[in-house]
Amino acid sequence: MPSLPQRTAPSISLTQFLIEAQRAGHVSPDLRLLIEVVARACKRISIAVGKGALGGVLGEAGTDGEASMNIQGEAQKKLDVIANDVLMEANAWGGHLAGLASEEMDHSQPIPDVYPRGNYLLLFDPLDGSSNIDVNISVGTIFSVLRCPDGVTTPCDENFLQPGTAQVCAGYTTYGPSTMLVLTVGHGTHAFTLDREIGSFMLTTRDMRIPGETREFAVNMSNQRFWEAPMQEYVGDLLAGSEGPRGKDFNMRWVASMVADVHRILTRGGIFSYPLDRKCAAKGGKLRLMYEANPMSLLVEQAGGAASTGRQRMLEVQPTGLHQRVPVFLGSRREVETAVEYHRRHDGPEAEARSNANANANANANANAIGA
Ligand code: AFP
């Protein structure tokens, strides 16, 4: 007897997914529309990135041989500027936001008076990993959404200084062989792939789960001699493999686009680290808390992973500046806990007691810090 045709699950677009999330009480109508606007802007950035040399978008921004610099003191690429403009323009008039902050801009900006203002604050790194643009390797956009504090109608930088636990949404888009949007509104982490023919993000993985154990780590090994002692020891033991205390061999990957490295970890596990080193110690680390570490940490935690500075749960860091930098360890839960353990042992018994007390308090308080 001929077998019945297999029924495949119906495809769900981002729009359908968000409407369902709204019906379930996971997002407010305004947050739903805000996510749609960000996703639309990311599609435009994806088109610009995809044109590459044909679109005249490669290389550095600036005129007359003068490189244009951002607030971080880094030379801006043309695509950094294009991606920033696309996100700014798309989000200014929608009516869902009170203000915006970008890794590329000195200060946050309230929504101009000519447009209605909403209740959310949007932070973004418009094009992360931009040193990879000219060599055709994946780059991405990272974003984070906070609530505008009650009573604030014209938000300033200070109003954005909320810990990562206050995020109501976080996500990234990766512009790679396919363009993907990975999103959380505090109820799991979900991946959507851009269907270029129909122009919609389609749900391709519901509830991503990061395996707790891993044999893969991501770090820029060229910084090894500048690391702190616990990091030297931790990575030394990873490299010793099955002959060392870890008793197993580890593989290493480093794309130097955080979005691509984190995407691999969300897909198959691993640990990503940009630790403190002597070169970046004065600044507090290399990666930015508000634009990179916090949104990625929420996505990773929502997928069952862990994220830490090495000494504190990332999402509990109280920000002191919009462009603050932090050391980062995130990914497979047990591997992140192991890396933290090396720091705890190194810092001594007092730090260990403090950290245990924090861990207990977190376990009690942690369950659900997010809501629509
Ligand atoms: P760029 O956007 O300036 O390329 O920085 C990318 C990044 O912030 C992050 O995406 C990478 O993981 C990290 O820096 C790479 O840093 P190294 O070049 O020091 O390895």
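Residues numbered from 1 in each chain as written. Predicted model: local features only at pLDDT ≥ 70, side-chain atom pairs only at ≥ 80, totals over all residues. Heavy atoms only, no water.

**Q** It is not clear to me how the side chain of Ser308 should be interpreted in this structure. Could you clarify?
**A** Within the fold, Ser308 resides in strand E13 (residues 306-308). Here the side chain of Ser308 touches Gly310 through a polar contact of 2.7 Å, landing on its backbone nitrogen. Non-local contacts of Ser308, meaning those with residues more than four positions away in its chain, are made with Arg313, Met314, Pro327, Val328, Phe329, Val336 and Val340. (Helix = DSSP H or I, 4+ residues; strand = E, 2+ residues; numbered from the N terminus. Polar contact = N/O pair within 3.5 Å; in protein donor to acceptor, adjacent residues only side chain to side chain. Contact = heavy atoms within 4.5 Å.)

**Q** Just to check I follow, could you spell out the nonpolar core for this structure?
**A** What tends to happen in soluble globular proteins is that the nonpolar side chains get buried as a cluster. Grouped together as the largest cluster of nonpolar side chains are 45 residues, with contacts concentrated most on Leu31 and Cys169. The residues contacting Cys169, other than those within four sequence positions of it, are Leu31, Ile35, Phe143, Ser144, Val145, Leu183, Thr184 and Val185. Leu121, Ile142, Ile210 and Leu330 belong to the second largest nonpolar core, which has 41 residues in total. (Core = buried A, V, L, I, M, F, W, Y, C linked by side-chain atoms within 4.5 Å. Buried < 20%, exposed > 50% of the residue type's maximum accessible area, 1.4 Å probe, protein only.)

**Q** Any chance you could explain the pattern of salt bridges here in plain terms?
**A** Between side chains of opposite charge, a pair can form as their charged atoms come close. With the rule as written, the count across this model stands at 17 salt bridges. We note a salt bridge from Lys77 to Asp134, for which the minimum N-O separation is 3.2 Å. In this pair, Lys77 sits in the loop between helix H2 (29-51) and helix H3 (78-92) while Asp134 sits in the loop between strand E3 (120-128) and strand E4 (139-147), placing the two residues 57 residues apart along the sequence. Residue Lys77 is classed as buried on the basis of its relative accessible area of 12%. Two residues, Glu103 and Arg288, come together in a salt bridge whose shortest N-O distance is 3.5 Å. (Salt bridge = Lys/Arg side-chain N within 4 Å of Asp/Glu carboxyl O.)

**Q** I'm lost on the environment of Arg40 in this one. Help?
**A** You can see Arg40 is positioned in helix H2. Overall, the relative accessible area of 46% leaves Arg40 in the partly exposed class.

**Q** Quick question: what am I supposed to make of the sheet that holds strand E10 (residues 251-252) here?
**A** Strands belonging to one sheet form pairs held by backbone hydrogen bonds; the direction of such a pair is parallel or antiparallel. In spatial order, the strands read E10-E9-E11-E15-E13; together these five strands make up an open sheet with mixed pairing. Single-partner strands in this sheet number two, and they are E10 and E13. With two bridges joining them, strand E9 (residues 216-218) and strand E11 (residues 271-274) adopt parallel strand pairing. Residue Ala218 lies in a different strand from E11, and its bridge partner there is Phe272. (Pairing = 2+ DSSP bridges.)

**Q** Could you clarify how one ought to interpret the pairing of strand E6 (residues 179-184) in this entry?
**A** For a regular strand, side-chain orientation follows a simple rule: the groups alternate between the two sheet faces. Counting buried positions over the six residues of E6 gives six, a clear majority of the element. Neither face of E6 is open: one carries Thr179, Leu181 and Leu183, the other Met180, Val182 and Thr184, and all of them are buried. Inspection of the sheet shows strand E5 (residues 169-175) paired to E6 by six bridges, in the antiparallel sense. In the sheet register, Thr173 faces E6, and the bridge partner there is Leu181. Direction of pairing for E6 relative to strand E7 (residues 189-195): antiparallel, over a ladder of five bridges. Counterpart to Leu181 in the pairing with E7 is Phe192.

**Q** When you look at the site of the ligand in this model, what are you seeing that I'm missing?
**A** As a structural note, the neighbourhood of the ligand is formed by 15 residues, with Asp128, Gly129, Asn220, Met258 and Tyr274 the closest of them. Ser130 places a polar main-chain atom, nitrogen or oxygen, 3.0 Å from an oxygen atom of the ligand. The separation between an oxygen atom of the ligand and a polar side-chain atom of Asn220 is 2.8 Å. Notes on the ligand: free accessible area 480 Å², of which the protein chains cover 83%. (Near = heavy atom within 4 Å. Areas by Shrake-Rupley, 256 points an atom, 1.4 Å probe, with all protein chains shown as cover.)

**Q** Help me out: how do you make sense of the confidence of the model for the protein in this one?
**A** Close inspection of predicted coordinates is inappropriate for parts of the model with low pLDDT. Of all residues in the protein, 88% have pLDDT values of 70 or greater, and the mean over the chain is 91. Per-residue pLDDT stays below 50 along residues 365-372; that stretch engages in 18 contacts with residues further than four places along the chain or on separate chains. (pLDDT = per-residue confidence, 0-100.)

**Q** In this structure, what is going on with the packing of aromatic side chains? I would like to understand it.
**A** Two numbers describe a pair of aromatic rings. These are the distance of the centres and the angle of the planes. Evaluated as defined, the whole model comprises four aromatic pairs. A centroid spacing of 5.1 Å and a plane angle of 80 degrees characterise the contact between Phe17 and Phe192, whose relative ring orientation is edge-to-face. Of this pair, Phe17 sits in helix H1 (residues 14-23) while Phe192 is found in strand E7, placing the two residues 175 residues apart along the sequence. Like Phe192, Phe17 is buried. (Phe/Tyr/Trp six-rings, centres within 6.5 Å; stacked < 30°, edge-to-face > 60°.)

**Q** What exactly am I supposed to notice about the state of the cysteines here?
**A** Covalent bonding between the sulfur atoms of two cysteines defines a disulfide. Across all of its chains, the model carries zero disulfides by this definition. In this structure Cys156 is a free cysteine whose sulfur lies 9.3 Å from that of Cys148, the closest cysteine sulfur available. With a relative accessible area of 38%, Cys156 lands in the partly exposed category. (Disulfide = S-S within 2.5 Å.)

**Q** Explanation requested: the pairing of strand E15 (residues 328-331) in the structure shown.
**A** The alternating pattern of E15 places Val328 and Leu330 and Phe329 and Gly331 on opposite faces, both of which are buried. Alignment of E11 against E15, held across four bridges, turns out to be antiparallel. The residue bridging Ile271 from the neighbouring strand is Gly331, located in E15.

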